[in-house]
Amino acid sequence: MLNFDFYNPTRIAFGKGKVAEIDKLVPAEARVLIVYGGSSAKKNGTLDEVKAALGGRYVEEFSGVEPNPTYETLIKAVAQIKANRLDYLLAVGGGSVIDGTKFVAAAVYAEGDPWEILLQRGANVKQAMPYGTVLTLPATGSEMNDGSVISRTETASGLHDKLYFTSEHVFPQFSVLDPTKTYTLPPRQLANGVVDAYTHIMEQYLTYPVEARVQDRFAEGLLQTLIEIGPKILQNPQDYDLQANFMWVATLALNGLIGSGVPSDWATHMIGHEITALHGLDHAQTLAIILPTMLSLRRDAKRAKLLQYAERVWHISEGTEDARIEAAIQNTRAFFESLSVPTRLSAYNISADAIPALLAQLESHGMVKLGEHQDVTLDKSREVLEASI
Ligand code: NZQ
Ligand code: ZN
């Protein structure tokens, strides 16, 4: 096992009715900004429930955080906070709202240009405004981690950027995980959530063995749970136990636990971010396209773990090693397709013509040595993209 530091200060309030506990979790004197997305939190009553829980506190709202949250929108929240001396943030939504809130929390204290937070990947974040979250979409793990992904459409380079930052100052203080808040999710978002969580586990599990038995078995258990419940959730989105398991899997997939003491990959995510930046695909759609091809083209370096994945996750123990690896990769692709998330660029009307621009984006963002061995060069990314058509 590799050396590691594990730190996670986020309190989780899990279960039906837990929104009411916000009253205990937010300081009594706080001047609160509730941050949310389009209309879902309003329509399904979550926003009203959150406001009721905040009682007599001074509360303002900031709405309109988009899927793939943009700098251009979020910077307006920073201005509102400064103008009205707000001092506590409450994110109500999915990964985009939570990521956006993380950026706002850090940008309020930025010295100079807040976009530097992204350019420096968070290294310049010295403090952040405290905040909590009410999660409405299990997927990203943002509710219990220190990462955030922000898009910007008008950059100096003329490129569309989708960049991440991490900082231990932006862990949420608390996250309310009430599975009933997911009941209104449409099939596309549910399927996206399953694919995103699955890929987070794979990015941290499917590298090379380091005798990290606990992390491996955690990861395999989480993957198997997703395989088991993914299709059922699409059929029964209002099944409490299914949603409860889904929510907790997605949180555990990216809260630092399974990634401690093991190598991690993340090449699929980095290529995926560029596809979203240029073509607007949902985050999870990009992962469904790239992950199976990535595994297939890097099967030599990932051989030992692919065999372990085949046997322990998919129960494939017959046939030659090559046949088992091939079957495990095919099963992964079929699983995503079974959730109605297409796994080919062409299914989203993206052809080979798009590849040079995607590679230029990767290069401009310094994504030229990706993966656990840093051997996913631009040439390798080109191969992956070409094989993903
Ligand atoms: O805007 P509203 O109207 O609220 O609708 C949202 C949005 O359109 C809707 N939604 C959310 N909860 C709902 C609901 N609709 C009905 N009922 C509910 N209960 O779902 C749509 C998508 O929401 P979004 O927050 O964009 O989805 P997700 O949670 O998948 O977040 C994706 C973003 O997270 C980033 C992605 O890159 C992307 O920008 N990621 C963040 C990570 C992190 N912080 O650790 C890691 C991930 O790899 C990922 O990169
Ligand atoms: Zn992801």
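Residues numbered from 1 in each chain as written. Chains lettered and ligands numbered in written order. Predicted model: local features only at pLDDT ≥ 70, side-chain atom pairs only at ≥ 80, totals over all residues. Heavy atoms only, no water.

Chemist: How would you explain the overall build of the chain if you had to name every residue and give the values?
Modeler: Helix and strand counts for the chain come out as 15 helices and eight strands. With the C-alpha coordinates aligned to their principal axes, the bounding extent of the chain is approximately 65 × 50 × 45 Å. Within the chain, the proportion of its 389 residues that are buried is 56%. Long-range contacts, defined as pairs at least 24 residues apart, comprise 79% of the intrachain contacts of the chain with a sequence gap of at least 6. For the chain, the exposed surface amounts to about 15,700 Å²; the carbon and sulfur share of it is 50%. (Helix = DSSP H or I, 4+ residues; strand = E, 2+ residues; numbered from the N terminus. Buried < 20%, exposed > 50% of the residue type's maximum accessible area, 1.4 Å probe, protein only. Contact = heavy atoms within 4.5 Å. Areas by Shrake-Rupley, 256 points an atom, 1.4 Å probe, with all protein chains shown as cover.)

Chemist: If you had to explain the domain arrangement of the chain to someone new, which residues and values would you point to?
Modeler: Along its sequence, the chain is organised into domain 1 (11-181) and domain 2 (185-387). If you look at the interface, domain 1 gives 27 residues, while domain 2 gives 27 residues. Here domain 1 and domain 2 share an interface that buries about 2,300 Å² over both sides, 66% of which is from carbon and sulfur atoms. If you sort the residues of domain 1 by the area they bury against domain 2, Pro138, Lys162 and Pro179 come out on top, with a joint share of 26%. For the pair domain 1 and domain 2, the interface holds zero salt bridges. The set of elements that each furnish at least two residues to the side of domain 1 that touches domain 2 consists of strand 1 (11-14) and strand 7 (161-166). With four residues, the top contributor of residues to the side of domain 1 that touches domain 2 is strand 7. For the side of domain 1 that touches domain 2, a count of residues per class yields 13 nonpolar, eight polar and six charged. (Domains from an automatic or database assignment. Buried area = accessible area lost by both parts, 1.4 Å probe. Salt bridge = Lys/Arg side-chain N within 4 Å of Asp/Glu carboxyl O. Nonpolar A, V, L, I, M, F, W, Y, C, P; charged D, E, K, R; others polar.)

Chemist: Give a description of the coordination of the zinc ion (ligand 2) that names residues and reports values.
Modeler: Coordination sphere of the zinc ion (ligand 2), protein contribution only: Asp196 (OD), His200 (NE2), His269 (NE2) and His283 (NE2), at 2.0 to 2.2 Å. All donors to the zinc ion (ligand 2) come from one chain, and their sequence spacing reads D-x3-H-x68-H-x13-H. Of this pair, histidine 200 sits in helix 7 (residues 187-205) while histidine 283 sits in helix 11 (residues 283-297), and the two are 83 residues apart along the sequence. Of the two residues examined, histidine 200 and histidine 283, each falls in the buried class. (Donors = N, O, S within 2.8 Å, 3.2 Å for Na, K, Ca; no water.)

Chemist: How would you sum up the site of ligand 1? Please name residues and give values.
Modeler: For ligand 1, the set of nearby residues contains 32 residues, the closest of which are Gly38, Ser40, Gly95, Ser96 and Asp99. Serine 96 is positioned such that a nitrogen or oxygen atom in its side chain is 2.5 Å from an oxygen atom of ligand 1. Contact with the protein chains covers 88% of the free accessible surface of ligand 1, which is 960 Å². Looking at the shell around ligand 1, the elements with two or more residues in it are helix 5 (95-107), strand 6 (147-152), helix 7 and helix 10 (267-279). Counted by class, the shell around ligand 1 contains eight nonpolar, 20 polar and four charged residues. Composition of the shell around ligand 1 by domain shows at least three residues from each of domain 1 (11-181) and domain 2 (185-387). (Near = heavy atom within 4 Å. Polar contact = N/O pair within 3.5 Å; in protein donor to acceptor, adjacent residues only side chain to side chain.)

Chemist: So what's going on with the packing of aromatic side chains? Residues and values would help.
Modeler: Tallied over the entire structure, the rule returns nine aromatic pairs. Look at phenylalanine 14 and tryptophan 248: their rings are 6.0 Å apart centre to centre, the planes differ by 70°, and that puts the pair in the edge-to-face class. Of this pair, phenylalanine 14 sits in strand 1 while tryptophan 248 sits in helix 9 (residues 240-253), placing them 234 residues apart in sequence. An aromatic cluster is present here, built from Tyr198, Trp314, Phe335 and Phe336 joined pairwise through their rings. We note arginine 152 situated over the ring of tryptophan 115; from NZ or CZ to the ring centre the distance is 5.1 Å. (Phe/Tyr/Trp six-rings, centres within 6.5 Å; stacked < 30°, edge-to-face > 60°. Lys NZ or Arg CZ within 6 Å of the ring centre and 35° of its normal.)

Chemist: How would you explain a nonpolar patch on the surface if you had to name every residue and give the values?
Modeler: Taken together, Met1, Phe4, Phe6, Val214, Phe218 and Leu257 make up a surface patch of nonpolar side chains, about 560 Å² in accessible area. Along the chain, phenylalanine 4 turns up in the segment before strand 1. (Patch = residues over 30% accessible without salt bridge, like charges linked within 9 Å, V, L, I, M, F, W, Y side chains within 5 Å.)

Chemist: Can you tell me about unusual backbone geometry, naming the residues and giving the values?
Modeler: Phi is positive for arginine 85, which is not a glycine, with a value near 50°. Assignment of secondary structure puts arginine 85 in the loop between helix 4 (71-84) and strand 4 (88-93). Classification of arginine 85 as exposed rests on a relative accessible area of 61%. Phi is positive for tryptophan 266, close to 70°, though the residue is something other than glycine. Assignment of secondary structure puts tryptophan 266 in the loop between helix 9 and helix 10.

Chemist: Outline helix 3 (residues 46-54), listing residues and values.
Modeler: Side chains three or four residues apart in an α-helix point the same way, a direct result of the helix having 3.6 residues per turn. Along helix 3, the residues that are buried comprise Thr46, Leu47, Val50, Ala53 and Leu54. All buried residues of helix 3 fall inside an arc of 125° around its axis, so they share one side. In this structure, helix 3 carries Asp48 and Ala52 as exposed residues pointing more than 90 degrees from its buried face. Residues of helix 3 that are buried in the fold lie against helix 1 (22-25), strand 2 (31-36), helix 2 (40-43), strand 3 (58-62), strand 4 and strand 5 (131-135). Once helix 3 ends, the next one or two residues include glycine 55, with phi positive near 55°. (Arc of directions from axis to C-beta.)

Chemist: Please provide a residue-by-residue account of the environment of tyrosine 208, values included.
Modeler: Among the structural elements, tyrosine 208 can be located in the loop between helix 7 and helix 8 (213-235). By relative accessible area, which is 27% here, tyrosine 208 ends up partly exposed. In the structure, tyrosine 208 is positioned 57 residues away from aspartate 265 in sequence and 9.9 Å away in space, judged by C-alpha atoms.

Chemist: Outline the pattern of salt bridges, supporting the account with residue identities and numerical values.
Modeler: For the structure on display, the rule yields 17 salt bridges. With its nearest N and O atoms 2.9 Å apart, the salt bridge here joins aspartate 23 to arginine 57. Here arginine 57 lies in the loop between helix 3 and strand 3 and aspartate 23 lies in helix 1, a separation of 34 residues in the sequence. Here arginine 57 falls in the buried class, since its relative accessible area comes to 12%. One network of salt bridges, in which partners are shared, links Asp265, Arg298, Lys302 and Glu372.

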